[in-house]
Amino acid sequence: MLWLRLCPRRCLTRMSGAQKRLRAMVRIGTHDGSFHCDEALACFLLRQLPEYREAEIVRSRNAKLLAECDVVVDVGGEYVPERHRYDHHQRTFSESMYSLQPENPWVTKLSSAGLVFFHFGKRILSTLLGKEEGDPQLPALYNKMYENFIEEIDAIDNGISQHDGESRYALTTNLSSRVGYLNPPWNEEEQDTEAGFRKAMELVGTEFLDRLQFFHKSWLPARTLVEEAIRKRYEEDPSGEILVMARGGCPWKEHLFNLEKELKVEKPIKFVLYVDQSGQWRVQCVPKGLHTFQNRLSLPEEWRGVRDEALSALSGIPDCVFVHSAGFIGGNKSKAGALEMARRSLRDQSGDGDTAV
């Protein structure tokens, strides 16, 4: 299991005594004092690689000590990947995933976590998952882990607001906040941050591995099913605008939008059919985008809010179950009936296409 790789008790140095500083042959340097989510995650990520697995974490702002480290993150005022220096606090630093590699869409300024992920992320994922670096699944997982885990940490550490204007409520339970709470209180006499930093590495590491486990075991297989359905769509209906999923409960929307672009689907898919938990078939409208309730094409107006026998009589399609009053989803007892509901909706272009759920 992925989380079994998490070993929080590896050597962590408190900068007291030359013997401790010399004990490990490989050192990862970061700053001492109050710690943050980005350098805790950066250190954890580096330790997933074979060359840094037993590395000593050197927490200091002493330039001489940091110069002796093999890798330095979040301190030192340098971003020089050739020498493994990954700080982002210098005035001249403005790098994002996009600026470093334009095929990446993310423009959020990177923190030390994002820098380490950019330079080592694919190797880290291949190591954790036991896959070859050229495995075709890795790019999708790499992108997903950045967009849905790392980018938030980058933005928070760099003080980038999620929304323009004044927020309506405070977010205090995100990962960065929980790492912050592990620092000793300001009015505590003993300001020892070493134990807290160990806990922070364990916390961010556990969540990173759990998220990767989910994307690898659940999110990625869903992408495979959606891709198969897209490639077989003309076998289900000659229009190519109806998708039939092999399994119900599969999260398909994000994958559908991405794969339509990647596979250069010419005619946008309008309906997705799948079996629900009761064994009946659903016909769901494809929205215009991930974050909108507007549909590419809605189910016909006259069907909306009608159920069972009344709907079958109205539509002329046997075994109808319902059509939602907003027109974004309907049901039928059979696959043939659900297909016919979608086909009729395609023929009847009176669906207004902008119905909100």
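In this report, we go over the structure that sits alongside the text. As the structure is a prediction and not an experimental result, all values here were calculated from the model. (Residues numbered from 1 in each chain as written. Predicted model: local features only at pLDDT ≥ 70, side-chain atom pairs only at ≥ 80, totals over all residues. Heavy atoms only, no water.)

## Looking at the overall build of the protein chain
- Helix and strand content of the protein chain: 12 helices and 11 strands.
- Taking 21 Å as the expected radius of gyration for a compact globule of 357 residues, we find that the protein chain reaches 26 Å, considerably beyond that expectation.
- Each principal axis of the C-alpha distribution contributes one length, and for the protein chain these read about 85 × 45 × 40 Å.
- Evaluated residue by residue, the protein chain yields a buried proportion of 49% over its 357 residues.
- Pairs at least 24 residues apart make up 65% of the contacts formed inside the protein chain by residues separated by at least 6 positions.
- Accessible surface for the protein chain amounts to roughly 18,300 Å². Of this, 49% is attributable to carbon and sulfur atoms.
- With 47 positive and 52 negative side-chain charges, the protein chain shows a spacing of 3 Å between the two charge centroids. (Helix = DSSP H or I, 4+ residues; strand = E, 2+ residues; numbered from the N terminus. Rg over C-alpha atoms; globule rule 2.2 N^0.38 Å. Buried < 20%, exposed > 50% of the residue type's maximum accessible area, 1.4 Å probe, protein only. Contact = heavy atoms within 4.5 Å. Areas by Shrake-Rupley, 256 points an atom, 1.4 Å probe, with all protein chains shown as cover. Lys, Arg positive; Asp, Glu negative; His and termini not counted. Charge placed at Lys NZ, Arg CZ, Asp CG, Glu CD.)

## Brief notes about the environment of Arg178
- For Arg178, the location among the structural elements is in helix α7 (residues 175-180).
- Look at Arg178 and you get partly exposed, because its relative accessible area is 29%.
- Sequence separation between Arg178 and Val75 is 103 residues; the distance between their C-alpha atoms is 21 Å.
- Beyond its immediate stretch of four places on either side in the chain, Arg178 contacts Thr173, Leu203 and Glu207.

## Quick look at the pattern of salt bridges
- Under the counting rule described, the total for this entry stands at 18 salt bridges.
- When the shortest N-O distance is used, the salt bridge between Arg61 and Asp32 registers 4.0 Å. Linking Arg61 in the loop between β3 (56-59) and α3 (63-67) with Asp32 in the loop between β2 (27-30) and α2 (37-46), this pair joins segments that are 29 residues apart in sequence.
- Owing to a relative accessible area of 54%, Arg61 belongs among the exposed residues under this scheme.
- One connected set of salt bridges, linked through shared partners, spans Glu241, Lys267 and Lys270. (Salt bridge = Lys/Arg side-chain N within 4 Å of Asp/Glu carboxyl O.)

## Quick word on the packing of helix α5 (residues 112-129) against helix α6 (residues 138-157)
- Following both chains from N to C, one finds α5 and α6 inclined at 140 degrees, their axes separated by 10 Å at the closest point. In this view, α5 runs oblique relative to α6, as classed from their interaxial angle. α5 and α6 meet at a crossing whose hand is right-handed. On α6, the residues touching Ala113, Gly114, Phe117, Phe118, Gly121, Lys122, Leu125, Ser126 and Leu129 of α5 are Leu138, Leu141, Tyr142, Met145, Tyr146, Ile150, Ile153 and Asp154. (Axes fitted to C-alpha atoms, helices over the stretch in contact; angles between N-to-C directions. Parallel < 35°, antiparallel > 145°, perpendicular 65-115°, else oblique. Left-handed = near helix turned anticlockwise from the far one by under 90°.)

## Concerning the pairing of strand β8 (residues 271-275)
- Within β8, 4 of the 5 residues are buried, which leaves it mostly tucked inside the rest of the structure.
- As paired elements, strand β7 (residues 242-244) and β8 share 3 bridges and run parallel to each other. Bridging from a neighbouring strand, Val244 pairs with Leu273 of β8.
- In this region the chain leaves β7, passes through helix α10 (residues 253-262) and returns to the parallel neighbour β8; the handedness of that crossover is right-handed.
- Two strands pair when backbone bridges link them, and β8 and strand β9 (residues 281-285) are joined in this way by 5 bridges, in the antiparallel orientation. (Pairing = 2+ DSSP bridges. Right-handed = clockwise from strand over helix to strand, strands pointing away.)

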